[in-house]
Amino acid sequence: IQTGSLSTFNTVLNANSAVTTVVLENVPGSDDINDSFGIGRRIRAEGLRTHIPAEGVVASGGTDIFIGGVVRTAEEGSYIGVHSWASDEVRGIDLPDSDPLHQPFITYYQEMGLPSNFYFFAVRAASPEIVHWMTETEITQFNLIATPTL
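Residues numbered from 1 in each chain as written. Predicted model: local features only at pLDDT ≥ 70, side-chain atom pairs only at ≥ 80, totals over all residues. Heavy atoms only, no water.

Another aspect to go through is the nonpolar core. Counting 33 residues, the largest nonpolar core has Ile67, Ile80, Tyr109, Phe118, Met134 and Leu144 as the members making the most contacts within it. Listed by contribution, the elements that provide at least two residues to this core are helix H1 (5-15), helix H2 (33-45), helix H3 (61-66), strand S6 (79-82), helix H4 (103-111) and helix H5 (118-125). Here the element with the most residues in this core is H5; it accounts for five residues. (Core = buried A, V, L, I, M, F, W, Y, C linked by side-chain atoms within 4.5 Å. Buried < 20%, exposed > 50% of the residue type's maximum accessible area, 1.4 Å probe, protein only. Helix = DSSP H or I, 4+ residues; strand = E, 2+ residues; numbered from the N terminus.)

Here's what the structure looks like:
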């Protein structure tokens, strides 16, 4: 995911109105968090599902896109990764919880219906240089695999 990915996603989605599920096979991260959040918000606004197939990988900005799904599914053998963000000389993992630079992430995760502590789990799970692959217990704890409530 890079600058311009949101525009590309919107173009493809607008040309394919019958889409109900976005399948994420290999989305290992993002160079543009605004585009990642934008894609996730568009997925949510359109009421789309997200799915990770077996051996599929989402991490970092890819995970941000995945959680946009109103229904999120993942096959056995798929991977969901999180880590701290970094921008220039600033790393989220190094900032106190009260730092306002955390707020855009917290807001996004709240919009996606995740527990409020998910952001701090993700940002503290690993430094920006590595990825923490979430365990099944963590995925369940933070409700990453979600079905609609009736």
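Still to come is the rest of the account.
Taken in spatial order, the three strands of this open sheet run S1-S3-S5, and their pairing is parallel. Strand pairing shows two members of the sheet lacking a second neighbour, strand S1 (21-23) and strand S5 (72-74), which therefore form its edges. Looking at each pair of strands side by side, their axes are set apart by 20 degrees on average, direction ignored. Of the strand pairs in this sheet, S1 and strand S3 (residues 49-52) are connected by three bridges, and their pairing is parallel. When the sheet's bridge partners are listed, threonine 21 is paired in S3 with arginine 49. (Pairing = 2+ DSSP bridges. Axes fitted to C-alpha atoms, helices over the stretch in contact; angles between N-to-C directions.)

Taken together, the four strands give an open sheet; going across it, the order is S2-S4-S6-S9, and neighbouring strands pair in mixed fashion. In this open sheet, the two edge strands, each paired with only one partner strand, are strand S2 (26-27) and strand S9 (132-133). Here S2 pairs with strand S4 (residues 57-59) via two bridges, running parallel. By the bridge assignment for S4, valine 27 is matched with valine 58.

Attention now goes to H1. Along an α-helix, residues three or four positions apart point the same way, because every turn accommodates 3.6 residues. Of the residues making up H1, those classed as buried are Ser5, Phe9 and Leu13. In an axial view of H1, the angular spread of the buried residues amounts to 65 degrees, which keeps them on one side of the axis. Summarising the geometry of H1, the exposed residues directed more than 90 degrees from the buried face are Thr11, Asn14 and Ala15. Elements that come into contact with the buried residues of H1 comprise S1 and H2. (Arc of directions from axis to C-beta. Contact = heavy atoms within 4.5 Å.)

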